[in-house]
Structures are given as structure tokens and as C-alpha cells.
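# Close look at the chain arrangement
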Amino acid sequence: MKALASTWLTSNNNLASKALPVALLIGALLLSVLSGLFAALGNVILLIPLLALFGVFFVLAAPVAWTVWIIFLAAFLITGPSAYFIRFSQLQWLTVFVSAALLLPVILYLLRIQIGAQSSQFLNHFFWPGVFLLLVAFSTIINDPQFGDIVNGSRHYFLMWPLMLVFMLGLIRQDTQVQLWKALMIVAVLQLPMALYQYFFVALKSMRSSPWDAVIGTFPGNIEGGGESAGMAFMLLIAMLTAIALWREGKLSGVWMSLVVLAGLGTLVLAEVKAVVMLLPIAIGLYYRRELMKKPIESVLVVIGTLLLAGAIFVAYEKIHYGNMPTYTFNTNQAFSTYDRVMNALSPETEAFGGDELGRVTHIVNWWEINRGDLQYSLFGYGMGATYASRFGVGELASRFPYTLSGSSTIILLWEVGILGHLAFLIILLYGARTSGRAAKNEAIPEIHRVFLRVSAVGLLLLAITLPYRSFHLYANPIQFLMMFMLGQAAYWSCFVNFQNYLDKK
């Protein structure tokens, strides 16, 4: 029975009909002829949609795993450096559009299977994401959206979910899941040489007040204004936890584990990401919480060691980042130590230098003061894209307030989709963590995948914790990929366990 369940879950990649490749080949040939004609005539406007159709044909014809790898490589290694070094930030749309195109093989798969007890389990795992997306759509419709709001908002709210469906439905094989986790650890190692360059050749030569913001590894950002250093640090945290967990289970050599951990810690020191450093002992404690009763002394020593490590990183921040900072007598909120910076982040009175940015707690207080008397805006918000500004358009709230409203995912969600939307997003993460943790206990699942499920349970909990911290849940494509991967993996293996039980009962 177990072999039958495994075969059922891993055979989804072979469901394409024989007629589909032939039709795709004919269509691709026709598009090639048309593209050649338009290129010869110099008609670039008509050439663009044809190139988009080429992408659709590729997604339909190529194995789904190829498309997933393209998204992974683009999100973690290509789009970030292209934006950082040559200011070509538009390439981030490639990741989003390719992910959205994955909806096509998902639909084809759903059309081919028979809706029964097994397939309905998959759909049940998409209930809360479906509720969230419906709330996003409803809050946008009732606020009379502009075209720019829809374009900006769809990128952050809608277009990455097909990636979760691909993992959830098992459209890629189990060994591809393992390869993606291993690739994540390789990406973590690659952050160190990039961070070394950014620290010594960009940050040290910068005259801005927080030059360490330039250290963002291969994540999206701007060489002059900083970027997703927090998102990079969060990825490093998950990668280091994965390496340690695999090493403890004998699935990874000590040399590779040490390389991943040392590279991650070195990058964290160069990047100055206080909140993620504070999450280090929390992540270790959450992962090994079940060993506290079995090995209490060893577990306590590990947590204490992690706390000391976090403290050492904070001391390093004092030496390499804050030591040479200029003093501004007219800036009453200026911080002179790591402790001052943490307290400023938590204080509702904090205002950034220049007044163009508020503290995270201040943002929440302001949101409550403005919207507490309005049922519509407090529950449903102002619609997607309302806090965002780009070349496609400026959101209603982005143009109304003198300070940015996109500092954290909590602030963005409260303003754009209200309390209900924020609550639904939080439930998605918590439910995913619970599902992943439960599946990890089932011995029918291969041991290495149980390790990944335990890591995912911790990762999704940390994503829930960091909602008020930064906006990488919505704005950073690499973190969105990781989030969809962990959610989809949890649903996939949960359905595997349920189908296993279903077969055992028969």
C-alpha cells in the first residue's frame, strides 16, 4: 500500500496527453514565422506579446521541474544582482510571470484527474489561501482600483501562488524537492563572497548614515539605497538550520554543514540585521524543542551557546558598523549602540531622520488612530497596491502620506486588505507550520523529507513572527519562493499521509 501511495503521488508529472506536444510544436513553429516577420519589419510592439506566448509554450511543453528551477535561479541569483549592479530591476517581473504561467500545467492536471477523496484533500489545503485571495480581490473592487494598483498589487498578492500549487499537487518529483533544499544551502554559501564585495567596495566607501544597507548579497536592492538585507538574512537562517538538521541526522557531511553555517554567520555580521540575529536562538529552540525533555542539559547548552553567538554578532556590529558613525546633535533619536537601535524600533515615538519614515510600532499606532472609526477600511483596507508606487502608478495611500507605508508586511496588509486580510495571511502561515510539523512525525515519509518538514514548520512560524518586522513576505521574490515551497511541501506530504491512511483502511 505504501508503494502504491508513493507511486500515485510521484506520477503526476506524466499526465500530459500525447496530442499536447504535437499541438505545441505546431504553435511554436507558427509563432517563429510570425516573430521573424515582425522582427524584420521592426515592429517591436507586436513582437513583445509573441515573446510572451513563447514563454507560455515553453511552460506547457517543458517539464514543470525545469520551470521551477528557472524561477529559483532567477529569484535567488539573477534578478538581485541585475538590479544592484546595472539597475535593471524590471527583470524581477520575469520570476513573477513565469510563476503565474505555472497555473497552466496546474489547470491541465486538475482537468485530467477525477475529483475524489484524494484530490479534494489537495483543494482543502488551499482553503485559507483562497480566502485570502478573495479578500484581496473584494477589498480592491470596493475601493474603485486604478490600473496601476492592479498591476502593482497582482505581483505581490496573486502571481506567486501557482508555485505553491505545483508543489502541493506533486507536479515535481520528491527528489527535486531534495535538490531545491540543497541548492538553497549553496545559495547561502554564495552570499558571503557577494557580501564581502558589497561591504569593502560599496559600504565602506559610502557616506550615507547607514552604509551597511548596501550589503544584501544576491537579493534585490539598489547599490545606492540598499535593499532586501533582511530577506537575505532570513534565507540564511533557514539554510543554516537546514544544514545543521541534516548533519544531525547524518544526511550532510560536517564539512558542508560548517561551510554553510560559517558563510551564513559571516554574511550576517557584514549585513547588520539585528532582528534576524535575535531569531537565531528562537529558531534553534523551536527546532529542538522536543529534545528538551529527552536531553535537557544538552538542549539548554545549545540554546545558551546560540544566545552567546547572537551576543557576539551584536558586539561585532558595534565594532565594524557603528564605531565610525557621525554624531548629529539635532537628531534626538540617534542610536549609539545595538541596544539603542532595538529600543528605537520598539518605541511608538520613534521617527526616522528627516521624518520620511516612521518606526514599526508607530506605523501600527497611526493606522489604528486613522481607521478605528471606519468599519470598511479597518476590516477590508484600501485595496491592493494602495501603499505602493512604481512607474505603473502611485497608490492612493502612497500619494497621501509623506512617509512610506511599506516598511513591514503587517503595515501593508492592514492598510491594503484590513484586519481580515492580515488575519487570513497569518492563518496561512500558522496552518502551514502546523501541517508541516504534523506530517514530519509520520514515519511513512522518507527521513530526509521529515527533516525538511521540521525545518519548514520552524520557517513558517518565523515568517509569521516577522510580519511586523519587514515586507519581504510580499516584496522579495526569493522569500516568496521559499514561502510557497514550504507551504506546498507541507500540503503535499500531508496529503501523502492522508492517502496512506485511506489505503490502509481499505
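Residues numbered from 1 in each chain as written. Predicted model: local features only at pLDDT ≥ 70, side-chain atom pairs only at ≥ 80, totals over all residues. Heavy atoms only, no water.

## Focus: the overall build of the protein chain
This is how it is decided: Working definition: helices are DSSP H or I runs of at least four residues, strands are E runs of at least two. Numbering for both runs from the N terminus. Burial classes follow relative accessibility: with a 1.4 Å probe on protein chains only, a residue under 20% of its type's maximum area counts as buried, one over 50% as exposed, and anything between as partly exposed. Residue contacts follow a heavy-atom distance rule, with two residues in contact if any of their heavy atoms lie within 4.5 Å. Surface accessibility follows the Shrake-Rupley procedure with a 1.4 Å probe radius. Residue values consider only the protein chains on display as shielding.
Of regular secondary structure, the protein chain possesses 24 helices and four strands. The 506 residues of the protein chain split such that 51% are buried. Considering only contacts in the protein chain between residues 6 or more positions apart, those separated by 24 or more positions represent 75%. In the structure as shown, the protein chain presents an accessible area of about 22,900 Å², 67% of it carried by carbon and sulfur atoms.

## A few points about the environment of Arg248
Of note, Arg248 is situated in helix H12 (residues 229-248). Considered as a pair, Arg248 and Val451 are 203 residues apart in the sequence and their alpha carbons are 9.9 Å apart. Not counting chain neighbours up to four residues away, the residues in contact with Arg248 comprise Tyr288, Glu291, Lys295 and Glu298.

## Topic: helix H16 (residues 296-322)
What counts here: Expected span of a helix: the number of residues minus one, times 1.5 Å.
Given a rise of 1.5 Å per residue, 27 residues ought to cover 39 Å, and the 38 Å separating the end C-alpha atoms of H16 matches this to within 8%. Considered for burial, the residues of H16 that qualify are Ser299, Thr306, Ala310, Ile313, Phe314, Ala316, Tyr317, His321 and Tyr322.

## As for the packing of aromatic side chains
Cut-off, in case you're wondering: Each aromatic pair joins two rings of Phe, Tyr and Trp (for Trp, the six-membered one) with centres within 6.5 Å, and gets the label stacked for planes under 30 degrees apart, edge-to-face for over 60, and tilted for any other angle.
Applying the stated criterion across every chain, the model contains 31 aromatic pairs. Between Phe481 and Phe485, the aromatic rings sit 6.4 Å apart at their centres with planes inclined by 50°, giving tilted as the arrangement. With Phe481 and Phe485 both in helix H24 (residues 477-505) and four residues apart, this pair spans about one turn of that helix. With relative accessibility at 2%, the residue Phe481 sits in the buried group.

## Section: the layout of surface pockets
To keep it simple, the criterion reads: A cavity here means a set of points on a 1 Å grid, drawn over the protein atoms and nothing else, where a 1.4 Å probe fits but cannot get out; a pocket is an open set with protein on both sides within 12 Å along at least five of seven lines, and a residue lines either one if it has an atom within 4 Å of a point. Grid points are joined across faces, edges and corners, and a volume is the space filled by probe spheres set on the points. Following the grouping adopted for this structure description, the nonpolar residues are Ala, Val, Leu, Ile, Met, Phe, Trp, Tyr, Cys and Pro, the charged ones are Asp, Glu, Lys and Arg, and the polar ones are all others, Gly among them.
Considered as a void within the structure, the second largest pocket measures approximately 650 Å³ in volume. As for the second largest pocket, its lining consists of 24 residues, of which Tyr287, Arg290, Ala440, Lys441 and Arg454 are closest to the centre. Of all the elements in the fold, those that place two or more residues in the lining of the second largest pocket are H12, helix H14 (274-287), helix H15 (291-294), helix H21 (409-439) and helix H22 (447-465). No other element matches the six residues that H22 contributes to the lining of the second largest pocket. Here the lining of the second largest pocket is composed, by residue class, of nine nonpolar, one polar and 14 charged.

## A word on the side chain of Glu228
Here is the rule: Neither His nor the chain ends is counted toward charge; the positive residues are Lys and Arg and the negative residues Asp and Glu. When a carboxyl oxygen of Asp or Glu lies within 4 Å of a side-chain nitrogen of Lys or Arg, that pair is called a salt bridge.
Considering the arrangement of structural elements, one finds Glu228 in the loop between strand S2 (226-227) and H12. Of the buried charged residues, Glu228 lacks a salt bridge, with Arg470 as the closest side chain of opposite charge at 4.9 Å. Discounting residues that sit within four places of it in the chain, Glu228 has contacts with Ile216, Phe219, Pro220, Ser471, Phe472, Tyr475 and Ala476.

## Notes on empty space enclosed by the protein
Scanning the model with the defined rule gives three cavities of 30 Å³ or more in all. By volume, the largest cavity amounts to about 80 Å³. As for the largest cavity, its lining consists of His125, Pro129, Met164, Ile428, Tyr431, Gly432, Thr435, Leu487, Ala490 and Ala491. Mapped by element, the contributors of at least two residues to the lining of the largest cavity are H21 and H24. Along the lines of polarity and charge, the residues of the lining of the largest cavity split into seven nonpolar, three polar and no charged. Size it by volume and the second largest cavity reaches roughly 60 Å³. Residue lining of the second largest cavity: Phe132, Arg155, His156, Tyr157, Met160, Trp161, Phe425, His473, Leu474, Gln480, Met483 and Met484, and that is the complete set. For the lining of the second largest cavity, the elements supplying multiple residues, two or more each, are helix H9 (147-157), helix H23 (472-475) and H24. The class makeup of the residues in the lining of the second largest cavity is eight nonpolar, three polar and one charged.

## Things to note about the confidence of the model for the protein chain
For clarity, the cut-off: Known as pLDDT, the predictor's per-residue confidence is scaled from 0 to 100.
Across the protein chain, pLDDT averages 82, with 79% of residues at or above 70. Every residue in residues 1-8 scores below 50 in pLDDT, and together they form 14 contacts with partners more than four places removed in sequence or on other chains. Confidence over residues 28-45 falls short of pLDDT 50; this stretch has 14 contacts with residues more than four positions distant or in other chains.

## Regarding H14
Defined as follows: Here the bend at a residue means the angle between the axes of two seven-residue stretches, the one that ends at it and the one that starts at it.
For H14, built from 14 residues, the straight-helix expectation of 20 Å at 1.5 Å per residue is met to within 8% by its first-to-last C-alpha distance of 21 Å. A maximum bend of about 30° is found in H14 at Leu280, where proline Pro281 lies one to four positions downstream. Looking at H14, one finds that the buried residues are Lys274, Val276, Val277, Leu279, Leu280, Pro281, Ala283, Ile284 and Tyr287.

## With respect to the nonpolar core
Rules: Here, nonpolar core means buried Ala, Val, Leu, Ile, Met, Phe, Trp, Tyr and Cys residues that are tied together by side-chain atoms lying within 4.5 Å of each other.
With 123 residues, the main nonpolar core has Val68, Phe132, Met235 and Phe481 as its most contacted residues. The greatest single-element share of this core, amounting to 14 residues, is contributed by H12. What Val68 contacts, discounting residues up to four positions off in sequence, is Leu102, Leu163, Val166, Phe167, Ile172, Leu180 and Phe481. The next biggest cluster of nonpolar side chains, apart from the first, holds 11 residues, and it includes Leu358, Leu397, Tyr403 and Leu414.

## What to know about a positive patch on the surface
The cut-off we apply is this: Each patch is built from residues that are more than 30% exposed by relative accessible area and take part in no salt bridge. Like charges join if they lie within 9 Å; nonpolar side chains (Val, Leu, Ile, Met, Phe, Trp, Tyr) join within 5 Å. Note on charges: their place is set at NZ of Lys, CZ of Arg, CG of Asp or CD of Glu.
Positive charge collects at one region of the surface, where Arg289, Arg290, Lys294, Lys295, Arg434, Arg438 and Lys441 lie side by side. Relative to the assigned elements, Arg290 resides in the loop between H14 and H15. The exposure class assigned to Arg290 is exposed, which follows from its relative accessible area of 51%.

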